[in-house]
Amino acid sequence: AQSVTQLDSQVPVFEEAPVELRCNYSSSVSVYLFWYVQYPNQGLQLLLKYLSGSTLVKGINGFEAEFNKSQTSFHLRKPSVHISDTAEYFCAVSVAGGFKTIFGAGTRLFVKA
Amino acid sequence: SQTIHQWPATLVQPVGSPLSLECTVEGTSNPNLYWYRQAAGRGLQLLFYSVGIGQISSEVPQNLSASRPQDRQFILSSKKLLLSDSGFYLCAWSVIGTHTTYEQYFGPGTRLTVT
């Protein structure tokens, strides 16, 4: 079975500062990895995904993530955050042929002026 | 392009009343469909998923049920709501096939408050 752990429940950061949201996963088979963002009272939308190939993945809104197989991690980064990045971020994992996606508990990013 | 609709957007229901939430998808055929619940301050809990008409898999035993009467319609129901059913309900779809990328596409959600 797969599992996802988001190591920080809340991350406060000042505007224009860099941020890293941490995600570790557990799986006995190869996985596909995702980051989703949820703005208040809205559904989730895909930020970026890793399926195969380059371990550095670039997504929307200036976010990127790096897949590290040896450390089973998929941390999300942005070099300079904006107030509009305030939202909840979910790391998720799927496996080939699987119907389900396993989501982490979420990290609330709060960007302060 | 594909679109996913959920209604109602918000709902306030008394304990013991019935529930029906509807989700429809446009612009794709034979999607996998999912119902999630998000309690306040918590992550997503998968409630049901469906890989085809009439095919429902339940993830959590509770007083909720799901049905898929048409290819792109997914309904979440309850005969008698409990206080613990309050939350934000999200419908999602995905495509599993030769060129699948396994990502899920989410609807706007329904905020349910049971009083």
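Everything numeric in this text was worked out from a predicted model, so none of it was measured.

## Some words on the overall build of chain B
- Regarding its fold elements, chain B presents zero helices and eleven strands.
- Secondary structure elements in chain B, listed N-terminal to C-terminal, are β-β-β-β-β-β-β-β-β-β-β.
- Computed over the C-alpha atoms, the radius of gyration of chain B is 14 Å, within 12% of the 13 Å expected from 2.2 N^0.38 for a compact globule of 115 residues.
- Here the C-alpha coordinates of chain B stretch approximately 45 × 25 × 20 Å along the principal axes.
- The buried share of chain B, reckoned over its 115 residues, is 49%.

## Observations concerning the overall build of chain A
- Helix and strand counts for chain A come out as zero helices and twelve strands.
- Counting from the amino terminus, chain A carries its helices and strands in the arrangement β-β-β-β-β-β-β-β-β-β-β-β.
- Against the compact-globule benchmark of 13 Å for 113 residues, chain A has a radius of gyration of 13 Å, which places it among compact chains.
- Summarising its shape, the C-alpha atoms of chain A cover approximately 45 × 30 × 20 Å along the three principal directions.
- Residues counted as buried form 45% of the 113 residues belonging to chain A.
- Per element, the accessible surface of chain A, about 5,500 Å² overall, is 52% carbon and sulfur.
- Once the 9 positive and 8 negative side-chain charges of chain A are each reduced to a mean point, those two points are 8 Å apart.

## Digging into the side chain of B:Arg37
All names here are of chain B.
- Its place among the elements puts Arg-37 in strand S4 (residues 32–38).
- Residue Arg-37 is classed as buried on the basis of its relative accessible area, which comes to 10%.
- In this structure the side chain of Arg-37 is engaged in a polar contact, spanning 3.1 Å, whose partner is the side chain of Tyr-89.
- If near-sequence neighbours (up to four positions away) are discounted, Arg-37 is found in contact with Gly-43, Leu-44, Gln-45, Leu-47, Gln-62, Leu-64, Ser-84, Asp-85, Ser-86, Phe-88 and Tyr-89.

## Details of the pairing of strand S6 (residues 55–58) of chain B
Residue and element names in this part refer to chain B.
- Strand direction decides the pairing type here: strand S5 (residues 44–52) and S6, joined by three bridges, are antiparallel. In the sheet register, Gly-52 faces S6, and the bridge partner there is Gln-55.
- Counting the residues between successive antiparallel strands, the hairpin from S5 to S6 contains two residues, one of them, Gly-54, with a positive phi of roughly 75°.

## Considerations on the pattern of salt bridges
- Applying the stated criterion to the full structure yields ten salt bridges over all chains.
- The salt bridge involving A:Arg77 is made with A:Glu20; its shortest N-O contact spans 2.8 Å. On the criterion of sequence distance, the pair formed by A:Arg77 in strand S9 (residues 73–78) and A:Glu20 in strand S3 (residues 19–21) is long-range, its members being 57 residues apart.
- Overall, A:Arg77 belongs to the partly exposed group, its relative accessible area being 27%.
- Assessed through its relative accessible area of 33%, A:Glu20 is described here as partly exposed.
- Salt-bridge contacts for B:Arg37 lead to B:Asp85; the nearest nitrogen and oxygen are separated by 3.5 Å.

## Concerning unusual backbone geometry
- Backbone torsion omega between B:Trp7 and B:Pro8 reads 0°, so that peptide bond is classified as cis.
- Along the chain, the position of B:Pro8 falls in the loop between strand S1 (3–7) and strand S2 (10–13).
- Phi is positive for A:Glu16, which is not a glycine, with a value near 75°.
- With respect to the element layout, A:Glu16 can be found in the loop between strand S2 (10–14) and S3.
- Judged by its relative accessible area of 61%, A:Glu16 is exposed.
- Unusually for a residue other than glycine, A:Thr72 sits at a positive phi of about 45°.
- Looking at A:Thr72, the relative accessible area reads 29%, which means it is partly exposed.

Cut-offs and rules
- Residues numbered from 1 in each chain as written.
- Chains lettered and ligands numbered in written order.
- Predicted model: local features only at pLDDT ≥ 70, side-chain atom pairs only at ≥ 80, totals over all residues.
- Heavy atoms only, no water.
- Helix = DSSP H or I, 4+ residues; strand = E, 2+ residues; numbered from the N terminus.
- Rg over C-alpha atoms; globule rule 2.2 N^0.38 Å.
- Buried < 20%, exposed > 50% of the residue type's maximum accessible area, 1.4 Å probe, protein only.
- Areas by Shrake-Rupley, 256 points an atom, 1.4 Å probe, with all protein chains shown as cover.
- Lys, Arg positive; Asp, Glu negative; His and termini not counted.
- Charge placed at Lys NZ, Arg CZ, Asp CG, Glu CD.
- Polar contact = N/O pair within 3.5 Å; in protein donor to acceptor, adjacent residues only side chain to side chain.
- Contact = heavy atoms within 4.5 Å.
- Pairing = 2+ DSSP bridges.
- Salt bridge = Lys/Arg side-chain N within 4 Å of Asp/Glu carboxyl O.

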